[in-house]
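Residues per chain are reported as follows:
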2 protein chains.
Amino acid sequence: VKRILLLGAGRSASVLISKLVQNAERKNWQVDVVDVNIEQTKQKIGQSNYVRAIEATESNFTLIENYEIVISMLPPDKHYEVAKACVHFGKHLLTASYNTSEIQSLHHEAKRKNILLLMECGLDPGLDHISAMQIIDNIHAEGGVITRFKSYCGGLMSNKSDIGNPWKYKITWNPKNIVLAGQGPLIKYLENGEIKHLNYHRLFKQTHHIEIENERYEGYPNRDSLKYLDIYGLGSAKTFIRGTLRKEGFCAAWHILVHLGFTDDTTIIYNLSDTTYKSFFTSFLPFAFSHDWGKKLTSEYPYLVNEAIVEQLHWLHIFSDDKIELENATPAQVLQRLVEKYWRLNENDTDKVVMQHQIEYIANGKQLNLSSSLVVEGNNAPFTAMAATVGLPLYYVLENIVENTIYEYGVKLPLKKWLYGPVLSRLKHDGIHFTEYIKNTNP
Amino acid sequence: VKRILLLGAGRSASVLISKLVQNAERKNWQVDVVDVNIEQTKQKIGQSNYVRAIEATESNFTLIENYEIVISMLPPDKHYEVAKACVHFGKHLLTASYNTSEIQSLHHEAKRKNILLLMECGLDPGLDHISAMQIIDNIHAEGGVITRFKSYCGGLMSNKSDIGNPWKYKITWNPKNIVLAGQGPLIKYLENGEIKHLNYHRLFKQTHHIEIENERYEGYPNRDSLKYLDIYGLGSAKTFIRGTLRKEGFCAAWHILVHLGFTDDTTIIYNLSDTTYKSFFTSFLPFAFSHDWGKKLTSEYPYLVNEAIVEQLHWLHIFSDDKIELENATPAQVLQRLVEKYWRLNENDTDKVVMQHQIEYIANGKQLNLSSSLVVEGNNAPFTAMAATVGLPLYYVLENIVENTIYEYGVKLPLKKWLYGPVLSRLKHDGIHFTEYIKNTNP
């Protein structure tokens, strides 16, 4: 019997958990799922003699000692501690979180102990690497030279579920991260042979238009793309961008929230319990509030605000008379409450994960343009497309490393064929597959 | 003999040092001036048997034990350590820096030991408090009720010294603080009875027009003004703003630097030694660089950039072919090098300190509008208006507490008459005095 530990049973873990429940008996696995919310975890598991819910009590992760493989769906800031414990006890770790320099520092020790610490193996990061590397390896195998690489991914709503919602967006992952998206170090990418830096306060204003299966999206660059230039082996590329997708119209409206300071997470404002959203957010406006705030905002920022955007702000109830019901909070925390309320999935809502790679390359004297697109429609919550595309890559890597050889140790990303190949072929059986077009663009 | 210690002999200390040199013998003081740059400090002191230069070697401030009063002109981040040592050894401390919650935590201990820790006693903060409190106390003494209070201060250039300089600005204080001005927590102030928050990315775009002695300035709110509402005893005020002054045309040009991310201090960019300013700053532009970057910038941001602003960027050599000559640096650090080079005071340049309080109040049934303005023209460096207006308040408080009683102990600001009165009357002898106008604005 293989003893497997899943840390964290939150929003994105449901598909992973149901896969574990389906397969544990047949595969002779004993799976324990640890979460602070034991009741919800039990519900997600249902009836199973092979998958147990355990209430999270300690935070030192010593329980890792009792398992052979750990999958962590905990928040990213826990993963250094988890990875350290895994190396200490000699256990493999799989996560969907970004690698960090802290975790990277465990590489040699993990390698020495023949431990795999697999990071960035969910959706984004995860399936983006997995699917991109297959294309890149194939192009390189036929002697092609890649000159441009752009890759976008977004966790969005199915079209039927955002009818009437002018944002065309709801929450399918961590709401705090949605509000803070783009904050942190400068955004970096490569464009026409030049390194580009982009600061948060221009990010949502400077978007790219993208069409996928006849629908219009907008993309903005995500974190430090340059890091992945070497990781993907794309020294030949003159343009290299990893980006995030939203449906058309989202970014310009989000930009005005950023511009006004509503997403600031540095300053705690005190004594808010009797304050309304209206009076809170009014304190950021360059004019006194009145019922025609939309007109005033448009005339103050004609280049940033239009009627559609005013409608979007209205829909988020930014200037509502409801009480904030937080004692002390940053503007970002106040905004998060509205986002959680008005971007909540309804019972019948379904989500959609969209990904596209756009690759220009030269092969056999031809200049080619490859696009590879994925659109995954979710079922009702909790079996969202987000939970599927985050959880299944982790699950299939788990299956693969339990049943086959592990070819690499230390801190790794799913970049090599022994890791990505089985994931992509098994996802195909679930109906999750990319559609590829190649166009000859010779002048 | 009174033993006095001056920590730090930088840019703003020259007038203070010359005052100490002039008066030490007559007053029977022994003054030691500690600085890392011993040669420059000796030069500033000149010939004196009563004022000595000492090279700064240790950083634990144990030498404080040997003195009775300490004046610190060190960078603000040193002042908690200095204040702690002063309390430990039972010595009074005078500084020109902002009070902090850390320093405030020493209040009770200092009070118990009859030690005065006087903060915010330079120019801004300092002379602004000193001059405002005299007006406020006078208005309150005649039963007046203050309804609006605005106060602005700027360290600028004399008109003759900024001819041809389209920024009308040079460096008379800490260049790092000039580049980072406005960064940090949200700006807060009170306007027409409403608390207002302003984020850094709108700060330089949302300025107020101010006229002082027939010249046009622009002001932007400075840090958290609300803190001073209580400190000044102005609970009656519906508008309360402390702000910073620049000559007209500065802020809009600085805003585009902020907007493009050139003042970012969060992200270190590596391997810059062979990079030019042009290629560095080009990496932030939403277009490829070409000689007509001014036109491109204007057409990209028509609401932010005009010909005058392009001329200002040109004058700062933002897109010059010079090497940066820094190995690793944040954008703010790179920009600081340009600012230090192109905003440097020439030998014959003179500076100008400008301050204005605008106060509306009701007294004896009349609605009154008071303006109190200070314009101090500097001599050539190092005897700048900045060094005079920072150093003299410290010096006159020093004189006063050595020769008279200390009426308050603990962490204090110069808000009470026993502190501000002697400073203002002695400054008058130096020709530094405010011009007051009162206008009846009854409808």
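No experiment lies behind these values; they were computed from the predicted model shown.

Visitor: For this particular structure, what's the right way to read the overall build of chain A?
Guide: Within chain A, the secondary structure is distributed over 16 helices and 16 strands. Relative to a compact globule of 443 residues, whose C-alpha radius of gyration would be 22 Å, chain A shows 23 Å and is just as compact. The 443 residues of chain A split such that 58% are buried. For chain A, the share of sequence-separated contacts (at least 6 apart) that also reach a separation of at least 24 residues comes to 73%. For chain A, the accessible surface area stands at approximately 18700 Å², while carbon and sulfur atoms represent 47% of it.

Visitor: What is the right way to look at the interface of chain B and chain A in this model?
Guide: A common measure of how large an interface is: the accessible area buried when the components associate. With 32 residues of chain B at the contact, the number on the chain A side is 32 residues. Buried surface at the junction of chain B and chain A, summed over both partners, amounts to about 2400 Å²; 53% is from carbon and sulfur atoms. Looking at the side of chain B facing chain A, the largest losses of area belong to L186, H197 and R202 of chain B, adding up to 23% of the total buried there. There are 0 salt bridges connecting chain B and chain A. For the pair chain B and chain A, the number of links is 20 residue pairs in polar contact (both at pLDDT 80 or more). Those elements that provide at least two residues to the side of chain B that touches chain A are β9 (194–198), α8 (200–203) and α10 (250–260) of chain B. In terms of residue count, β9 of chain B provides more of the side of chain B that touches chain A than any other element does, 4 residues in total. Partitioning the side of chain B that touches chain A into residue classes produces 15 nonpolar, 11 polar and 6 charged.

Visitor: Hey, could you run me through the relation of the copies chain B and chain A in this one?
Guide: Here two copies of a chain appear, and what relates them is a rotation about an axis with a shift along it. Overlaying chain B on chain A yields an RMSD of 0.0 Å, the required transformation being a rotation through 180° with an accompanying axial translation of 0.0 Å. The superposition of one copy onto the other is thereby described by a two-fold rotation axis. Taken together, the interface assignments show that 100% of the residues at the interface of chain B recur at the interface of chain A, consistent with an identical surface on both copies.

Visitor: Any chance you could explain the confidence of the model for chain A here in plain terms?
Guide: In low-pLDDT regions, the fine details of the predicted coordinates are not to be read closely. Put simply, chain A has an average pLDDT of 95, and 100% of its residues get 70 or more. Across the interfaces of the predicted complex, the ipTM metric reaches 0.89, alongside a pTM of 0.92.

Visitor: Is there a simple way to explain the sheet that holds strand β3 (residues 51–55) of chain B in this structure?
Guide: Two orientations exist for strands paired in a sheet by backbone hydrogen bonds: parallel and antiparallel. Residues and elements named next belong to chain B. Taken together, the 7 strands give an open sheet; going across it, the order is β3-β2-β1-β4-β5-β6-β15, and neighbouring strands pair in parallel fashion. Edge positions in the sheet fall to β3 and β15 (410–412), since each of these pairs with one other strand and no more. On average, adjacent strands in this sheet sit at an angle of 20° to one another, irrespective of strand direction. Looking at chain direction, strand β6 (residues 116–118) and β15 are connected through 3 bridges and run parallel. Following the sheet pairing, L118 is matched in β15 by K412. Across the sheet, helix α1 (residues 14–27) touches β1 (2–7), β2 (29–35), β3 and β4 (69–72), and the angle it forms with β2 is around 155°.

Visitor: Which parts of the structure should I look at to understand the sheet that holds strand β15 (residues 410–412) of chain A?
Guide: Residue and element names in this part refer to chain A. The sheet built from 7 strands is open, its strands ordered β3-β2-β1-β4-β5-β6-β15 with parallel pairing. The open sheet has two edge strands, β3 (51–55) and β15, and neither has a second partner. Strand-to-strand twist across the sheet, computed as the mean angle between neighbouring axes with direction ignored, equals 20°. In this sheet, strand β4 (residues 69–72) lies alongside strand β1 (residues 2–7) in parallel orientation, the contact comprising 4 bridges. Bridge assignment links L6 to a residue of β4, and that residue is I71. Here helix α2 (residues 38–45) sits on the sheet in contact with β2 (29–35) and β3, set at roughly 175° to β3.

Visitor: Explanation requested: the pattern of salt bridges in the structure shown.
Guide: For side chains of opposite charge, pairing can occur when their charged atoms come near one another. One pass over the structure, following the stated rule, counts 46 salt bridges over all chains. Ionic pairing is found between E403 of chain A and K27 of chain A, a salt bridge with its closest N-O pair at 2.6 Å. Here the residue E403 of chain A occupies a position in helix α15 (residues 385–403), and K27 of chain A occupies one in helix α1 (residues 14–27), the gap between them amounting to 376 residues. By relative accessible area, which is 17% here, K27 of chain A ends up buried. Of the charged contacts, one joins R112 of chain B and E109 of chain B as a salt bridge, the two residues approaching to 3.3 Å between their closest N and O atoms. In this pair, R112 of chain B and E109 of chain B are both assigned in helix α5 (residues 107–112), 3 residues apart and thus about one turn of the helix distant. What you see here is one network of salt bridges that share partners, running through K27, E399, E403 and R426 of chain A.

Visitor: What is the right way to read the packing of aromatic side chains from this model?
Guide: Working definition: an aromatic ring pair is given by the centre-to-centre distance plus the angle between the planes. Counted according to the given criterion, the structure contains 48 aromatic pairs over all chains. Relative to W254 of chain A, the ring of F250 of chain A has its centre 6.0 Å away and its plane inclined at 15°; by these criteria the two rings are stacked. Of this pair, F250 of chain A and W254 of chain A both sit in helix α10 (residues 250–260), 4 residues apart, roughly one helical turn. The class for W254 of chain A is buried, based on a relative accessible area of 1%. A ring pair is formed by F250 of chain B and W343 of chain B, whose centres lie 5.8 Å apart and whose planes are at 45°; its orientation type is tilted. Note that F250 of chain B is positioned in helix α10 and W343 of chain B in the loop between α14 (331–342) and β13 (350–363), a separation of 93 residues in sequence. When its relative accessible area of 3% is taken as the criterion, F250 of chain B is described as buried. Through successive ring pairs, a cluster of aromatic residues spans W167, Y169, F250, W254 and W343 of chain A. Across from the ring centre of F250 of chain A, 5.5 Å away, lies the NZ or CZ of R246 of chain A, which sits over that ring.

Visitor: Would you take a moment to explain the side chain of K170 of chain A for this structure?
Guide: All names here are of chain A. With respect to the helices, strands and loops of the structure, K170 is situated in the loop between β7 (145–157) and α7 (175–180). Among the residues examined, K170 registers a relative accessible area of 6% and is labelled buried. Among the polar contacts made by the side chain of K170, one reaches the side chain of D349 at a distance of 2.5 Å.

Visitor: Please explain the pairing of strand β13 (residues 350–363) of chain A as it appears in this structure.
Guide: The side chains of a regular strand alternate between both faces of the sheet. All names here are of chain A. Burial analysis of β13 places 11 of its 14 residues in the buried class, the great majority of the element. Both β7 and β13 contribute to a ladder of 12 bridges, which runs antiparallel. In the strand pairing of β13, C153 is matched with M355. Here β13 runs beside strand β14 (residues 366–380); their pairing, made up of 13 bridges, is antiparallel. Across the sheet, the residue bridging to Q358 is S371, located in β14. What sits between the antiparallel neighbours β13 and β14 is a turn of 2 residues, in which N364 has the positive phi angle 50°.

Visitor: Can you help me understand the environment of N440 of chain A in this one?
Guide: Residue and element names in this part refer to chain A. Relative to the helices and strands, N440 resides in strand β16 (residues 435–440). The exposure class of N440 is partly exposed, given its relative accessible area of 44%. Note: C-alpha distance between N440 and Q367 (73 residues apart in sequence) is 6.0 Å.

Visitor: I tried to follow the side chain of S14 of chain B on my own but got confused; where do I start?
Guide: Residue position: S14 of chain B is located in helix α1. Excluding residues within four positions of it along the chain, S14 of chain B makes contact with K44, P382, F383 and A387 of chain B.

Visitor: Teacher, can you tell me more about α2 of chain A here?
Guide: Spacing of three or four residues puts side chains on the same side of an α-helix, whose turn is 3.6 residues. Residues and elements named next belong to chain A. When we look at burial in α2, the residues that qualify are I38, T41 and I45. What you see down the axis of α2 is that its buried residues fit within an arc of 60°, all on one side. Structurally, α2 contributes buried residues whose contacts are with α1, β2 and β3. Positioned one or two residues after α2, G46 has a phi angle of 70°, which is positive.

What counts and how
Residues numbered from 1 in each chain as written. Chains lettered and ligands numbered in written order. Predicted model: local features only at pLDDT ≥ 70, side-chain atom pairs only at ≥ 80, totals over all residues. Heavy atoms only, no water. Helix = DSSP H or I, 4+ residues; strand = E, 2+ residues; numbered from the N terminus. Rg over C-alpha atoms; globule rule 2.2 N^0.38 Å. Buried < 20%, exposed > 50% of the residue type's maximum accessible area, 1.4 Å probe, protein only. Contact = heavy atoms within 4.5 Å. Areas by Shrake-Rupley, 256 points an atom, 1.4 Å probe, with all protein chains shown as cover. Buried area = accessible area lost by both parts, 1.4 Å probe. Salt bridge = Lys/Arg side-chain N within 4 Å of Asp/Glu carboxyl O. Polar contact = N/O pair within 3.5 Å; in protein donor to acceptor, adjacent residues only side chain to side chain. Nonpolar A, V, L, I, M, F, W, Y, C, P; charged D, E, K, R; others polar. Least-squares fit on C-alpha atoms with pLDDT ≥ 70 in both. pLDDT = per-residue confidence, 0-100. Pairing = 2+ DSSP bridges. Axes fitted to C-alpha atoms, helices over the stretch in contact; angles between N-to-C directions. Phe/Tyr/Trp six-rings, centres within 6.5 Å; stacked < 30°, edge-to-face > 60°. Lys NZ or Arg CZ within 6 Å of the ring centre and 35° of its normal. Arc of directions from axis to C-beta.

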